[in-house]
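Below are the chains, spelled out letter by letter.
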Amino acid sequence: MHHHKTTPDSPIGIFDSGVGGLTVVRAIQAILPAERIIYFGDTARVPYGSKSQVTIRKYAQDDTAILMRYHPKMIIVACNTVSALALDIVRKTSGSIPVIGVLEAGAELAVSMSKGKRIGVIGTQATVCSNAYACAINELDPDIEVHSKACPLFVPLAEEGFTDHPAARLIAEEYLREFDGRHIDTLVLGCTHYPILRGMIEKTIDPGIRIIDSAEAVARRAKELLKDSGMLNESTATATPHLLVSDLPQKFIMLYRLFMGAEMPDVELIDV
């Protein structure tokens, strides 16, 4: 593999199974407005969370290889499912550049926030079945009790824009009932779509529970890493993210607005 030297001006590569990872793009833009971002959303093959581990690992390799064409200085895995099941493949495919997954970042932030040592995690079927959050959390603090719940219907609800819909509230109540009597003090949104439903999730759970949005956590981690390695982009200009997608779903513009709160950017359709 031809090795390009990365510089502070090199872009940050971010990928997700679909558009959910735009919550990560938004968080990065908020604290690192000068950074160039290349985002790949695998809209043709979304969702990953219901697929087998073999398939998820193959997709992770494809997605990383696509970003590597842009010679990024760092790769952020915005997909919790890939973070849980295939981070090693991403690292292998990306060579020597740093790779950060939303999962570790979210786990770290949750551990630092939890006073009562009881953490709840919601995510896709694959993420929850992998037990990766519990492992990451317990590696940092073996005394923490982790309760996980798969919430597969949250992704389509977020994508329908049902952020405050009676049907969505019923489903949220059904899923989040899992935490009744568990006395969790922190809840990790273990899927990049879930911040869209945050308001509704907050209404459904105990008001004292801290919500951890791993998008914010991963953005902070990225800033630290770039600073420490002298790779921060010192430009004063604000960069517009370049979006790559493997399919342009009919609702793409609506979804982009929903996740970014902004108008349509520059988007390019590519083959996977």
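Residues numbered from 1 in each chain as written. Predicted model: local features only at pLDDT ≥ 70, side-chain atom pairs only at ≥ 80, totals over all residues. Heavy atoms only, no water.

A.B. asks: How should I be thinking about the state of the cysteines in this particular structure?
C.D. replies: In a disulfide, the sulfur atoms of two cysteines are held together by a covalent bond. Under the defined criterion, the tally for this structure stands at 0 disulfides. Considering cysteine sulfurs only, Cys191 is the nearest to Cys79, which forms no disulfide, with 7.6 Å between them. We classify Cys191 as buried; its relative accessible area is 7%. (Disulfide = S-S within 2.5 Å. Buried < 20%, exposed > 50% of the residue type's maximum accessible area, 1.4 Å probe, protein only.)

A.B. asks: Is there a simple way to explain the side chain of His147 in this structure?
C.D. replies: Within the fold, His147 resides in strand β6 (residues 145–150). By relative accessible area, which is 14% here, His147 ends up buried. (Helix = DSSP H or I, 4+ residues; strand = E, 2+ residues; numbered from the N terminus.)

A.B. asks: What is the right way to look at the sheet that holds strand β4 (residues 99–101) in this model?
C.D. replies: Hydrogen bonds between backbone atoms are what pair the strands of a sheet, whose relative direction is either parallel or antiparallel. The 6 strands are arranged β4-β3-β1-β2-β9-β10 in an open sheet whose pairing can be described as parallel. What marks the edges here is a single partner per strand, and that holds for β4 and β10 (266–269). Shown here is a sheet whose adjacent strand axes are inclined to one another by a mean of 20 degrees, direction ignored. Relative to β4, strand β3 (residues 74–77) is paired through 3 bridges, and the arrangement is parallel. (Pairing = 2+ DSSP bridges. Axes fitted to C-alpha atoms, helices over the stretch in contact; angles between N-to-C directions.)

A.B. asks: Would you take a moment to explain the packing of aromatic side chains for this structure?
C.D. replies: A ring pair, where both rings are aromatic, is described by two values, the distance of the centres and the angle of the planes. One pass over the structure, following the stated rule, counts 3 aromatic pairs. Measuring from centroid to centroid gives 5.0 Å for Tyr48 and Tyr59, while their planes differ by 50 degrees, and the two rings are tilted. Of the two residues, Tyr48 sits in the loop between β2 (37–41) and α2 (53–68) while Tyr59 sits in helix α2, which places them 11 residues apart along the sequence. A single burial state applies to Tyr48 and to Tyr59, both of which are buried. Between the aromatic rings of Phe154 and Tyr175, the centroid separation amounts to 5.2 Å while the plane-to-plane angle is 75 degrees, which identifies the pairing as edge-to-face. Separated by 21 residues along the polypeptide, Phe154 in helix α8 (residues 154–159) and Tyr175 in helix α9 (residues 166–176) bring together distant segments of the chain. Taking relative accessible area as the criterion, Phe154 reaches 0% and is therefore assigned buried. The positively charged end of Arg45 is found above the aromatic ring belonging to Tyr59, 3.8 Å away from the centroid. (Phe/Tyr/Trp six-rings, centres within 6.5 Å; stacked < 30°, edge-to-face > 60°. Lys NZ or Arg CZ within 6 Å of the ring centre and 35° of its normal.)

A.B. asks: What am I meant to see in the pattern of salt bridges here?
C.D. replies: Counted under the stated rule, the structure contains 17 salt bridges. Across the salt bridge formed by Arg45 and Asp63, the nearest N and O atoms sit 3.6 Å from each other. You can see Arg45 sitting in the loop between β2 and α2 and its partner Asp63 sitting in helix α2, a full 18 residues away along the chain. Among the salt bridges present, the one from Arg118 reaches Glu145, with a minimum N-O distance of 3.3 Å. Residue Arg118 is located in strand β5 (residues 118–123), and its partner Glu145 is located in strand β6; the two are separated by 27 residues in the primary sequence. (Salt bridge = Lys/Arg side-chain N within 4 Å of Asp/Glu carboxyl O.)

A.B. asks: Any chance you could explain the pairing of strand β8 (residues 210–213) here in plain terms?
C.D. replies: Looking along a regular strand, one sees side chains alternate from face to face of the sheet. Pairing of strand β7 (residues 186–190) with β8 involves 4 bridges; the strand directions are parallel. Counterpart to Thr186 in the pairing with β8 is Arg210. Handedness of the crossover joining β7 and β8 through helix α10 (residues 198–204) is recorded here as right-handed. (Right-handed = clockwise from strand over helix to strand, strands pointing away.)

A.B. asks: I would appreciate a short explanation of the environment of Leu87 in the present structure.
C.D. replies: For Leu87, the position within the fold is in helix α4 (residues 87–94). Measuring from C-alpha to C-alpha, the distance between Leu87 and Ala60 comes to 8.0 Å, with 27 residues separating the pair along the chain. Setting aside residues no more than four positions away along its own chain, Leu87 makes contact with Val77, Val82, Val99, Gly101 and Glu104. (Contact = heavy atoms within 4.5 Å.)

A.B. asks: I'm lost on α4 in this one. Help?
C.D. replies: Each α-helix turn comprises 3.6 residues. Residues three or four places apart therefore point the same way. Among all positions of α4, only Leu87, Ile89, Val90, Thr93 and Ser94 are buried. Along the axis of α4, the buried positions cluster into a sector of 160 degrees, meaning they face one direction only. Turning to α4, the residues buried within the fold contact β1 (12–16), α2, β3, α3 (80–85), β4 and α5 (102–113). (Arc of directions from axis to C-beta.)

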